[in-house]
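Topology and contacts: notes
Single-letter residue listing:
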Amino acid sequence: MPALHEPQHWPDSGTGAAQKTHDGGKSRPIPLLTTGNRLVDSVFMGLSMTRMPDSRNWFEPMPVERRRRIPPLHRIDGVHVELDGRRLVNFASNDYLGMADHAEVCNAASRAIEEEGLGSGASRLISGDAPQWPELERELAEWKGYDAALLLGSGMLANMGLPDALADRHTDVFCDRLSHASLIDGARLCRGRMRRYPHLDMVQLASMLADSNAERRIIVSDGVFSMDGDCAPVGELIGMAERFDAIVVIDDAHGTGLLGPEGRGLVAEAGLAGHARLIEVGTLGKALGAYGAFVLGARPVIEGLVQRLRTLIYSTALPPALAAAASCAVRLAREGSARERLQANLAYFLNQAEMHSLPLLPSRTPIQPLMIGADASALRTSEQLREQGYYVPAIRPPTVPEGTARLRITLSAGHDIDQIDGLTKALANIMGDRV
Ligand SMILES: Cc1ncc(COP(=O)(O)O)c(C=O)c1O
């Protein structure tokens, strides 16, 4: 099998008509379908002479600088990975608090596997509850300051399902342009009408809300933006919801565990957790080091979601071991020592970056994007860092807007000062050489 990211060349079967390929105009034969019926065969033949796609030539090949790669990465510990036989310091993970390889968190998962087995076997609505799920839901609701929580398989599932469950065709859904793909896709696929507003632009949002004559309105936004590291103005969004009679869905995947009192997140930091106009989403796969997601809100909305949220109803439930691991991680995150180490690392990184005049986007969170611009330069910088022992992937369109390719540096409580020093110096050298 060719590697996923390599251009695909297929052997010449010698039985078909020649066709122009997408990759550089080389021609290659296409196997012809024959049915024994002359009329049908000639139609097939006609089609195949122009173009007859099968699964092998279905997609246009991506230009090299746009091609996504799945690197063969082995995680050595919380902050080291091995790539192509080399040990690199990992500045690419969302495991901000080092929970993914924390001994207590991993032991909690192992114990739950012994008790409950690995997979959950079916949707929760079919096979019932393992004790770890309601327990984690209670803990999350209490920690984050809401009436109730509902666990889901992943953040993608939560966000793809929520707009569909909440919106009918008389609903307008307003979405920050730089929201995570899962929120945007969820809003796009639901029965309501999606409207996108420019990133953080409350004036534009207000004008779009004022123009809306839908029966119901939903505003959706990341809390901490995943590729920019900046924060939604939660207070202003709720103010808008009150003024224009809307509800707000905030996905605080990247604020949970990090911001606010006890790491309760961006919304709690703004003192707005549990607000009646708010539904919050969080994930277990980032600062909590596990996998899965949750929705928080008033009890009636959570109960309503159990009836309507198709990505809950028609999807196999989260493995109980992941819920057990996440419960343990919530307890550790609340204690605060990992958060303090992360804050110290972040302060040191920002200080060094300023000293070396690195072109960071403004962010007070562990997501620290370094703006490059052109796709090829971002890839080259990432490769140069790799040569010097640091793993920081390039993020390119369509994940970010055209012309804003960047390195997404993420900091962890597990990094030490030498590693941060090394990274900022390496970056300063690479960027300096380029000027
Ligand atoms: C803001 C945000 N929401 C949702 C998700 C998706 O969550 P999950 O990885 O659990 O599917 C991500 C990234 O993974 C994200 O960055």
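All of these numbers come straight from a predicted model, not from anything done at the bench. (Residues numbered from 1 in each chain as written. Predicted model: local features only at pLDDT ≥ 70, side-chain atom pairs only at ≥ 80, totals over all residues.)

Looking now at unusual backbone geometry. In this chain, Pro397 is followed by Pro398 through a cis amide linkage whose omega measures 10°. Residue position: Pro398 is located in the loop between β15 (394-395) and β16 (405-410). For Glu262, which is not a glycine, the phi torsion comes out positive at approximately 55°. Positionally, Glu262 belongs in the loop between β10 (246-251) and α9 (266-269). Judged by local crowding, Glu262 falls into the partly exposed class, with 16 C-beta atoms found within 10 Å. At Ser357, a position not held by glycine, the phi torsion is positive, near 50°. Within the secondary structure, Ser357 sits in the loop between α13 (337-355) and β13 (367-373). Residue classification places Ser357 among the exposed positions, given that 10 C-beta atoms sit within 10 Å. (Helix = DSSP H or I, 4+ residues; strand = E, 2+ residues; numbered from the N terminus. Buried ≥ 20, exposed ≤ 12 C-beta atoms within 10 Å, placed from the backbone.)

By secondary structure assignment, the location of Cys106 is in helix α2 (residues 103-116). Judged by the 16 C-beta atoms lying within 10 Å of it, Cys106 is partly exposed. A C-alpha to C-alpha distance of 9.6 Å links Cys106 and Ala329, two positions 223 residues apart in sequence.

Before going further, it helps to examine the nonpolar core. Ranked by internal contacts, the top residues of the largest apolar core, which has 122 residues, are Val248, Val295, Leu322, Ala325, Ala326 and Ala329. Counting residues per element, this core draws most heavily on helix α12 (residues 320-335), which supplies 11 residues. When residues of this core are assigned to domains, at least three map to each of domain 1 (67-100 + 336-434) and domain 2 (120-318). Ignoring sequence-local partners within four residues, the contact set of Val295 consists of Ala149, Leu150, Leu152, Ala158, Leu162, Ile279, Val281, Ile302 and Leu305. (Core = buried A, V, L, I, M, F, W, Y, C linked by C-beta atoms within 7 Å. Domains from an automatic or database assignment. Contact = placed C-beta atoms within 7 Å.)

Moving on to the sheet that holds strand β11 (residues 278-283). Spatially, the seven strands line up as an open sheet ordered β6-β12-β11-β10-β9-β7-β8, and their pairing is mixed. The strands lining the two open edges of the sheet, one partner per strand, are β6 (148-152) and β8 (193-197). Ignoring which end each strand starts from, the neighbouring axes of this sheet average 20° apart. Bridge count for strand β9 (residues 216-222) against β10 is six bridges, and the pairing is parallel. Each bridged residue has a counterpart across the sheet, and for Ile219 the counterpart in β10 is Val248. Lying over the sheet, helix α8 (residues 234-244) contacts β9, β10 and β11, oriented at roughly 160° with respect to β10. (Pairing = 2+ DSSP bridges. Axes fitted to C-alpha atoms, helices over the stretch in contact; angles between N-to-C directions.)

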